[in-house]
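Residues per chain, in single letters:
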Amino acid sequence: QVQLVESGGGLVQAGGSLRLSCAASGRTFSTYTMGWFRQAPGKEREFVAAISSSGGSTYYADFVKGRFTISRDNAKNTVFLQMNSLKPEDTAVYYCAAKRGFRIDDSRGYDYWGQGTQVTVSS
């Protein structure tokens, strides 16, 4: 079992940056593939980025490539999402998630989810 708690959301102007963190409980964090997803009002949840258990591989949705960076610190049981050049359309609740599967390019199979953190980008 993994419990996930996101933090770092807030209000930022377009072009600004935010860094989201997701702290995980448990001793097996380093064995999980971690992902970030988001859900905007009235829209379905969508995949943003994923990182392999070791941190050696990452995968991004096309709409964040070059702007967002996912990373992890297995010693601190934490995964991060650095978001730069934010746009109003990035406004959403951002969720981190964990899965046992190793396919970082597959947005399915996430078993554990955090409660989400709100990101609002003003124009």
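Structural notes, computed from the coordinates. Model, not experiment: these values are computed from the prediction.

1. Quick word on unusual backbone geometry
For residues other than glycine, phi is negative in most cases, and the peptide bonds are mostly trans.
Now for step 1: Despite not being glycine, N77 shows a phi value in the positive range, around 50 degrees.
Now for step 2: Within the fold, N77 resides in the loop between β7 (68-73) and β8 (78-83).
Now for step 3: Located in the positive-phi region is S85, a residue other than glycine, with phi close to 50 degrees.
Now for step 4: Inspection of the secondary structure assignment puts S85 in the loop between β8 and β9 (92-99).

2. With respect to the pairing of β9
Now for step 1: Within β9, 7 of the 8 residues are buried, which leaves it mostly tucked inside the rest of the structure.
Now for step 2: As judged from the 7 bridges shared by strand β4 (residues 33-39) and β9, these two strands associate in the antiparallel manner. In the strand pairing of β9, T33 is matched with K99.
Now for step 3: As judged from the 2 bridges shared by β9 and strand β10 (residues 112-113), these two strands associate in the antiparallel manner. The residue of β10 that forms the bridge with A98 is Y112.

3. Description of the packing of aromatic side chains
Now for step 1: For the structure on display, the rule yields 6 aromatic pairs.
Now for step 2: Judged by centre distance (5.6 Å) and plane angle (80 degrees), the rings of F37 and F47 are edge-to-face. Of this pair, F37 sits in strand β4 while F47 sits in strand β5 (residues 46-51); the two residues are 10 residues apart in sequence, bridging distant segments of the chain. The residues F37 and F47 share a single accessibility class, namely buried.
Now for step 3: Ring centres of F47 and Y59 lie 5.9 Å apart, and the angle between their planes is 35 degrees; on these two criteria the pair is classed as tilted. One end of the pair, F47, is in strand β5; the other, Y59, is in strand β6 (residues 58-60), with 12 residues separating them in the sequence.
Now for step 4: What makes Y59 partly exposed here is its relative accessible area of 36%.
Now for step 5: Through successive ring pairs, a cluster of aromatic residues spans F37, F47, Y59, Y110 and W113.
Now for step 6: Sitting above the plane of the W113 ring, R45 keeps its charged end 3.7 Å from the centroid.

Cut-off values and rules
Residues numbered from 1 in each chain as written. Predicted model: local features only at pLDDT ≥ 70, side-chain atom pairs only at ≥ 80, totals over all residues. Heavy atoms only, no water. Helix = DSSP H or I, 4+ residues; strand = E, 2+ residues; numbered from the N terminus. Buried < 20%, exposed > 50% of the residue type's maximum accessible area, 1.4 Å probe, protein only. Pairing = 2+ DSSP bridges. Phe/Tyr/Trp six-rings, centres within 6.5 Å; stacked < 30°, edge-to-face > 60°. Lys NZ or Arg CZ within 6 Å of the ring centre and 35° of its normal.

None of the figures reported here should be taken as evidence of function without further support.
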